[in-house]
Amino acid sequence: MHTYQLPLDLVRQRSPERPVALVRPRSVAVAAQWFQDNLKADVFYAVKANPSRWIIEVLVENGVNAFDVASLAEIELVRSVSPNARLAFMHPVKSRGAIKAAYADHGVRTFVLDSHDELDKILESTGHADDLNLIVRMGVSADGAAYSLSGKFGVSPDQAPALLQATRHAVKDGQMGVSFHVGSQCMRPSAYEAAMTQVGRAIKKAGVFVDIVDVGGGFPSVYPGMVPPDLSEYADAIHRGFNEMPVSETTELWCEPGRALVAEASSVLCRVDLRKGDALYLNDGSYGSLFDATHSRWPFPTKLVRDGESSSELKPYRFYGPTCDSIDHMPGPFWLPADVQEGDFIEIGMMGAYGVAMSTGFNGYGEHEIAAVEDAPMGSMYGLAPRSIPTVRTTAEENARKVVRLSRPKGKAGQRKRKR
């Protein structure tokens, strides 16, 4: 992987034909250290957020050697980088073949479930093994999340006690735990505390001892117009909620950050192949790394990467991807200089989470180059960038600049794993 100081250096040296994923390994290292220093929990990286091999390598090098995996492919990826990594198979619905292979071939001992049928499937597929760690996924409120992940997974509050009891009974020499997910890009720290209260009620009603409380993911990053509180507030809320749960001093606290670990770690350099008024036709799109920009209208920061002067006037643009499908459209608005033209390059920032991970090969597009850059990301929760990101306007008439507040780590590192 070639390293450039700035994205502009790449453009100056050559004009790439394909989109380029610009990666920033230091961003991953800094985020990994923050979670280890500030959250009293075992950190399991959610591989689905970005399964790039270099991400796994940087995390392991910086002390995160536990992973939330959701498929055999993810298990094999992590094992190829770190044979001794801790793996938790956290997809609530798995095939019998995947369970058997994970257990027998890859040493996975931790499995999540949210139904009696899945519990039976895990037990039968592992030969009723004595060393299973079984985690019950609970359904909780997703208020405050940009992406609600409720509905598809999670046992309901009224059915949870019976499943908790059955799972506790099934565990022999391993551990039994509970998990939940407050939704992706959670904007309210109190959502974790509220979820832990819900889960605590179910534990108390079931009358079971819990070895593990897994608060899942949902930890946010910073995007234009989407400014979360300081991450320290999330850590404080989780610690408060954990202290109030009906668990023992030996109960372990786990978390599964994805977006917050890797969003800042990558951006995408795209080329403008045509301009039609306010529409820019790019060589990347919704079938590539811009899935969220299309289907969720996710606000990503953008900037022109040009070797020369550009207009100081910013205008709103919409993007089209390179495929022949008309839904390959990103409505934006994306604010860029008024004189953007064919042949220019645009950097779309904060794409480390669910960017290249979502790429397909539809219509012959979707393949990216990879290059490392040494500059700061466009926005940061960890103090890696200036305390603002490019101007955000919701309409063409709105000229007020929205300054994004960026958080810095607060407090000292605390004891991990165990509840005080």
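Along each chain, residues carry numbers from 1 onward, in the same order as the chain's sequence is written. With pLDDT at 70 or above as the cut-off, local features in this predicted model cover only qualifying residues; side-chain atom pairs require 80 or more to be listed or tallied, and sums for whole chains, interfaces and linings still use all residues. Heavy atoms from the whole structure form the basis of all side-chain values; hydrogens and water molecules are not counted.

Named according to an unreviewed UniProt entry, the chain is ornithine decarboxylase originating from Brevundimonas diminuta. UniProt positions are given in the numbering used here, feature names are shortened, and annotations may be inferred rather than shown by experiment. In its Sequence similarities (unreviewed entry) section, the UniProt entry covering the chain states "Belongs to the Orn/Lys/Arg decarboxylase class-II family." The Pathway (unreviewed entry) comment attached to the chain in UniProt states, word for word, "Amine and polyamine biosynthesis; putrescine biosynthesis via L-ornithine pathway; putrescine from L-ornithine: step 1/1."

1. Some details on the environment of threonine 167
Position of threonine 167 relative to the elements: it lies in helix 7 (residues 160-170). Burial status follows relative accessibility: with a 1.4 Å probe on protein chains alone, a residue under 20% of its type maximum counts as buried, one over 50% as exposed, and anything between as partly exposed. Taking the relative accessible area as the measure of exposure, threonine 167 reaches 0% and is therefore buried. Remark: the alpha-carbon pair of threonine 167 and glycine 177, spanning 10 residues in sequence, is separated by 8.9 Å. Elements are defined by DSSP. Helices are runs of H or I of four residues or more, strands are runs of E of two residues or more, and each kind is numbered from the N terminus.

2. Concerning the nonpolar core
Among the nonpolar cores identified, the biggest contains 109 residues, and Tyr45, Phe67, Phe111, Leu134, Phe219 and Phe319 are the most heavily contacted of them. No other element matches helix 8 (residues 190-206), which puts 8 residues into this core. Note that the domain bounds were set by an automatic or database domain assignment. For this core, the two domains that each supply at least three residues are domain 1 (24-260) and domain 2 (264-381). What makes two residues a contact is simply this: any of their non-hydrogen atoms within 4.5 Å. Leaving out residues up to four positions away in the same chain, phenylalanine 111 has contacts with Phe89, Lys94, Ile99, Ala102, Tyr103, Ile122, Leu132, Asn133, Leu134 and Ile135. Only buried residues count toward a nonpolar core, which is a set of Ala, Val, Leu, Ile, Met, Phe, Trp, Tyr and Cys residues joined through side-chain atoms within 4.5 Å. One finds Tyr4, Val20, Val305 and Val373 within the second-largest nonpolar core, a separate group that totals 11 residues.

3. A look at helix 2 (residues 25-38)
Between its first and last C-alpha, helix 2 extends 20 Å over 14 residues, near the 20 Å set by a 1.5 Å rise per residue. Within the sequence span of helix 2, burial applies to Ser27, Val28, Ala29, Ala31, Ala32, Trp34, Phe35, Gln36 and Asn38. The elements touched by buried residues of helix 2 are strand 3 (42-43), helix 3 (53-61), helix 9 (231-244) and helix 10 (259-262). For a helix, the expected span equals 1.5 Å multiplied by the residue count minus one.

4. Observations concerning the sheet that holds strand 12 (residues 212-214)
Here a strand pair is declared whenever DSSP counts at least two bridges between the two strands. The 9 strands lie next to each other as 3-13-12-10-8-7-6-5-4, forming an open sheet whose pairing is parallel. The sheet is open, and its two borders are formed by strand 3 and strand 4 (45-46), each paired with just one other strand. Where strand 10 (residues 176-179) and strand 12 come together, 3 bridges link them in parallel fashion. Within strand 12, the position partnered with serine 179 by the bridge is aspartate 214. Strands strand 7 (110-113) and strand 8 (133-137) of the sheet are contacted by helix 6 (residues 116-125), whose axis makes an angle of about 155 degrees with strand 7. Here an angle of 0 to 180 degrees is reported between the N-to-C directions of two axes, which are lines fitted to C-alpha atoms, with helices fitted over the stretch in contact.

5. Thoughts on unusual backbone geometry
The amide bond that connects glycine 332 to the next residue, proline 333, takes the cis arrangement and shows omega of 10 degrees. Looking at the element boundaries, proline 333 is found in strand 18 (residues 329-337). Unlike most non-glycine residues, tyrosine 354 shows phi in positive territory, near 55 degrees. Assignment of secondary structure puts tyrosine 354 in the loop between strand 19 (345-348) and strand 20 (369-373).

6. Here's the deal with the packing of helix 7 against helix 8
The interhelical angle for the contact between helix 7 and helix 8, taken along N-to-C directions, is 65 degrees, at an axis separation of 8 Å. Seen from above, helix 7 lies across helix 8 with right-handed handedness. Residues Ala160, Pro161, Leu164 and Gln165 of helix 7 pack against Ala202, Ile203, Lys205 and Ala206 of helix 8. Only Asp, Glu, Lys and Arg are considered charged in this grouping, and only Ala, Val, Leu, Ile, Met, Phe, Trp, Tyr, Cys and Pro are considered nonpolar; every other residue, Gly among them, is considered polar. Tallied by class, the residues present in the contact of helix 7 with helix 8 amount to 6 nonpolar, 1 polar and 1 charged. Handedness of a crossing is defined here by the sense of rotation of the near helix relative to the far one, left-handed for an anticlockwise turn of less than a right angle and right-handed for a clockwise turn.

7. Some details on the pattern of salt bridges
Here a salt bridge means any side-chain nitrogen of Lys or Arg lying within 4 Å of a carboxyl oxygen belonging to Asp or Glu. The final tally for this structure, using the stated rule, is 22 salt bridges. A salt bridge links aspartate 130 to lysine 172, with the nearest nitrogen and oxygen atoms 3.6 Å apart. With aspartate 130 in the loop between helix 6 and strand 8 and lysine 172 in the loop between helix 7 and strand 10, this pair connects stretches of sequence that are 42 residues apart. Here the residues in one salt-bridge network are Arg24, Lys303, Glu347 and Asp375, joined through shared partners.

8. Things to note about the pairing of strand 15 (residues 279-282)
Bridge analysis of strand 14 (residues 266-276) against strand 15 gives 4 bridges, and the strand direction is antiparallel. Looking across to strand 15, one finds that lysine 276 is bridged to alanine 279. Once strand 14 ends, the chain turns through 2 residues before running back antiparallel as strand 15, passing glycine 277 with a positive phi of about 65 degrees. As judged from the 3 bridges shared by strand 15 and strand 17 (residues 314-320), these two strands associate in the parallel manner.

9. What to know about the UniProt feature "modified residue: N6-(pyridoxal phosphate)lysine" (unreviewed entry) in the chain
Here, the residues flagged by UniProt with the feature "modified residue: N6-(pyridoxal phosphate)lysine" (unreviewed entry) are Lys48. Inspection of the secondary structure puts lysine 48 in the loop between strand 4 and helix 3. Lysine 48 sits in the partly exposed class, given a relative accessible area of 40%. Discounting residues that sit within four places of it in the chain, lysine 48 has contacts with Asp68, Glu74, Tyr354 and Ala357.

10. Topic: the pairing of strand 2 (residues 20-23)
Residue alternation in strand 2 divides its side chains into two sets, Val20 and Leu22 and Ala21 and Val23, and both sets are buried. Here strand 2 pairs with strand 14 via 4 bridges, running antiparallel. Bridge pairing in strand 14 places leucine 22 opposite serine 267.

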